[in-house]
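What follows is the residue order along each chain.
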Amino acid sequence: MKPRARTEKQAIDPVEPRHEAGGAGAPRALPYETIALVLQGGGALGAYQAGVFEGLHEAGIPLDWIAGISIGALNTALIAGNAPEHRVDRLRQFWETICQPAFFPAIPVAFESALFNSIDQVRTLFTASQAASAMMQGQQGFFVPRFPPPLPGVPDHPEKISWYDTSALRATLLKLCDFDRINAGETRVSVGAVNVGTGNFVYFDNVHTRLAPEHFIASGALPPAFPPVEIDGEYYWDGGVVSNTPLMEVLGARPRRDTLAFQVDLWSARGPLPRTMGAVTERTKDVQYSSRTRFVTDTLEREQRYRNVLRKVLDQLPEAQRRSDPWCLEAEALACSKKYNIQHLIYQQKAHERHYKDYQFGLSTMRDHWSAGLADIRRTLANKDGLALPDNDAGFVTHDVHRKAVTP
């Protein structure tokens, strides 16, 4: 197996929020050639993405393409690797598994819930203990501490140079995902990783290669916690080392198509000025792993405006000139009047969360993240004209329920 890595109308009726668990609406007809789900990395925060997907599922939003990095890649495997009617259940099974301690039993559910739903001071202490548990004993079906741990300056096999062993994750994915379904191509799947030897960012895509658990585990192999993953003699780390958001992979695809993308981010680029050393660590993660999403969408919007303008200028020229003039022929290749609608959902940090929020595993924490994602996508889909094809000069629009819709 040799993975090929790539380096390069009308208003819609609002969705009436459905609140029954697991209920799904009939598939909706939307005026787009591609509908994509784009999932950022963020560890334990990834349950927010599961909630977003549940809302898309209950609203009957069909997905043609799912792209993910790190925990987003694992959620991608669970969605694409199951029949539509089983996807939410498989996501829930995965998250309820990995949010259990690896060795010692979790505290009783009722007691955990009482602590988590207490005042912020108690909740902060309790969630800190969840993060400490993850560090000391790992998470069931995901990772466990490596014993003995690697020693400074002592060479060893690349797959043993990490603080934790993730071999349990492969068994979890094989249990919950059908990789034949992933590779059948019903839904396009792309997951990002970094080649450790070359430093190049790559996408593993079921259009070009047969995907296995290793491709998804590699996308989440964040050093030095997790070891690199070998694929055909090359070793790969978490894609978030270089870029944590696969939006450009989706919007830069050729040929260009009218695209609706649900971009689900776990880190917010906006945040308060740090006042403690812990807050400095937290803010650093936010800035690093948000991957300058606003910059990306602003850049893509500007590029699409230029392509749209070029298309309109070419349409003013005689057809004979467009077909014969070398500059016109080159301009034809660059021009584009396709439409892009980005529905941006960003997890909003809670007051009790700290710098360890990405490894703050625990059932109550997970369910809180999941509920936040479900609430945000329901609000997003309730926007009357939110899913309409853009009708502005750029043919590009970004919506975010946590701030005013952005239109060029």
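Note that the coordinates shown come from a computational prediction; the quantities given were computed from them, not determined experimentally. (Residues numbered from 1 in each chain as written. Predicted model: local features only at pLDDT ≥ 70, side-chain atom pairs only at ≥ 80, totals over all residues. Heavy atoms only, no water.)

Caption draft 1: View of the overall build of the chain. Counting its secondary structure elements, the chain contains 14 helices and 11 strands. Relative to the 2.2 N^0.38 estimate, which gives 22 Å for 408 residues, the radius of gyration of the chain is 22 Å and therefore close to what a compact globule would have. Its C-alpha atoms put the chain at 75 × 50 × 45 Å along the principal axes. Put simply, the chain has 408 residues, and 52% of those count as buried. For the chain, the accessible surface area stands at approximately 18,900 Å², while carbon and sulfur atoms represent 56% of it. Side-chain charges of the chain comprise 44 positive and 46 negative groups, with the mean position of each set lying 3 Å from the other. (Helix = DSSP H or I, 4+ residues; strand = E, 2+ residues; numbered from the N terminus. Rg over C-alpha atoms; globule rule 2.2 N^0.38 Å. Buried < 20%, exposed > 50% of the residue type's maximum accessible area, 1.4 Å probe, protein only. Areas by Shrake-Rupley, 256 points an atom, 1.4 Å probe, with all protein chains shown as cover. Lys, Arg positive; Asp, Glu negative; His and termini not counted. Charge placed at Lys NZ, Arg CZ, Asp CG, Glu CD.)

Caption draft 2: The packing of aromatic side chains, seen in detail. All chains considered together, the criterion is met by 14 aromatic pairs. Centroid distance phenylalanine 142 to phenylalanine 226: 5.8 Å. Interplanar angle 45°. Geometry classified as tilted. Of this pair, phenylalanine 142 sits in the loop between helix 5 (120–137) and strand 3 (144–145) while phenylalanine 226 sits in the loop between helix 8 (213–219) and strand 7 (229–231); the two residues are 84 residues apart in sequence, bridging distant segments of the chain. We note that phenylalanine 142, like phenylalanine 226, is buried. A ring pair is formed by phenylalanine 142 and phenylalanine 361, whose centres lie 6.0 Å apart and whose planes are at 90°; its orientation type is edge-to-face. Residue phenylalanine 142 is found in the loop between helix 5 and strand 3, and its partner phenylalanine 361 is found in the loop between strand 10 (340–346) and helix 14 (363–381); the two are separated by 219 residues along the sequence. (Phe/Tyr/Trp six-rings, centres within 6.5 Å; stacked < 30°, edge-to-face > 60°.)

Caption draft 3: Quick peek at the UniProt feature "short sequence motif: GXGXXG" (unreviewed entry) in the chain. Here, UniProt's "short sequence motif: GXGXXG" (unreviewed entry) annotation points to residues 41–46. Secondary structure content for residues 41–46 is 0% helix and 0% strand, and the end C-alpha separation is 7 Å. (UniProt positions renumbered as here; feature names shortened; annotations may be inferred.)

Caption draft 4: The arrangement of the nonpolar core in detail. Counting residues in each nonpolar core, the largest one holds 72 residues, and the members touching the most others are Leu37, Ile61, Trp95, Phe216, Phe262 and Phe361. Ranked by size, the runner-up nonpolar core spans 15 residues in total, among them Ala36, Val250, Leu251 and Ile342. (Core = buried A, V, L, I, M, F, W, Y, C linked by side-chain atoms within 4.5 Å.)

Caption draft 5: Just the side chain of threonine 76, in detail. Note that threonine 76 resides in helix 2 (residues 71–80). When its relative accessible area of 1% is taken as the criterion, threonine 76 is described as buried. If we ignore the near neighbours within four places in the chain, the residues touching threonine 76 are Leu39, Ile66, Ala67, Gly68, Gly81, Val189, Val191 and Phe216. (Contact = heavy atoms within 4.5 Å.)

Caption draft 6: Geometry of unusual backbone geometry. Going from proline 223 to proline 224, the amide bond is cis rather than trans, its omega being -5°. Relative to the helices and strands, proline 224 resides in the loop between helix 8 and strand 7. Even without glycine at this site, serine 70 takes up a positive phi of about 60°. Tracing the backbone through its elements, the reader meets serine 70 in the loop between strand 2 (65–69) and helix 2. For serine 70, a relative accessible area of 11% translates into the label buried. One non-glycine residue, aspartate 232, lies in positive phi territory at about 50°. Take aspartate 232: it is sitting in the loop between strand 7 and strand 8 (234–238). Residue classification places aspartate 232 among the partly exposed positions, given a relative accessible area of 34%.

Caption draft 7: Inspection of the pairing of strand 6 (residues 201–205) at higher detail. Of all 5 residues that make up strand 6, 5 are buried, and the element is covered over most of its length. Covered by surrounding structure in strand 6 are Phe201, Tyr203 and Asp205 together with Val202 and Phe204, the residues of both alternating faces. Alignment of strand 5 (residues 188–195) against strand 6, held across 5 bridges, turns out to be antiparallel. When the bridges of strand 6 are listed, alanine 193 appears paired with valine 202. Taking the residues that link successive antiparallel strands as the turn, the strand 5-strand 6 hairpin has 5 residues, and the phi of glycine 199 there is positive, at about 80°. (Pairing = 2+ DSSP bridges.)

Caption draft 8: Inspection of the side chain of asparagine 82 at higher detail. Turning to its location among the elements, asparagine 82 is positioned in the loop between helix 2 and helix 3 (87–98). Once residues within four sequence positions are removed from consideration, asparagine 82 is found in contact with Arg87, Arg90, Leu176, Cys177 and Arg181.

Caption draft 9: Highlighting the UniProt feature "domain: PNPLA" (unreviewed entry) in the chain. Within this structure's numbering, the places UniProt gives as "domain: PNPLA" (unreviewed entry) are residues 37–251. Helix makes up 41% of residues 37–251 and strand makes up 15%, while its end C-alpha atoms are separated by 11 Å.

Caption draft 10: Representation of the pattern of salt bridges within the structure. Enumeration according to the criterion identifies 20 salt bridges in this entry. The salt bridge involving arginine 283 is made with aspartate 286; its shortest N-O contact spans 3.5 Å. Taken together, the residues span about one helical turn, with arginine 283 and aspartate 286 both in helix 10 (residues 277–289) at a distance of 3 residues. By the burial criterion, arginine 283 is buried, and aspartate 286 matches it. Note that arginine 311 and aspartate 315 form a salt bridge whose closest N and O atoms lie 3.3 Å from each other. Among the residues examined, arginine 311 registers a relative accessible area of 16% and is labelled buried. A residue is classified by how much of its surface remains accessible, and aspartate 315, at 45% relative accessible area, is partly exposed. Three or more residues joined by partner-sharing salt bridges are found here, namely Glu282, Arg283, Asp286 and Lys357. (Salt bridge = Lys/Arg side-chain N within 4 Å of Asp/Glu carboxyl O.)

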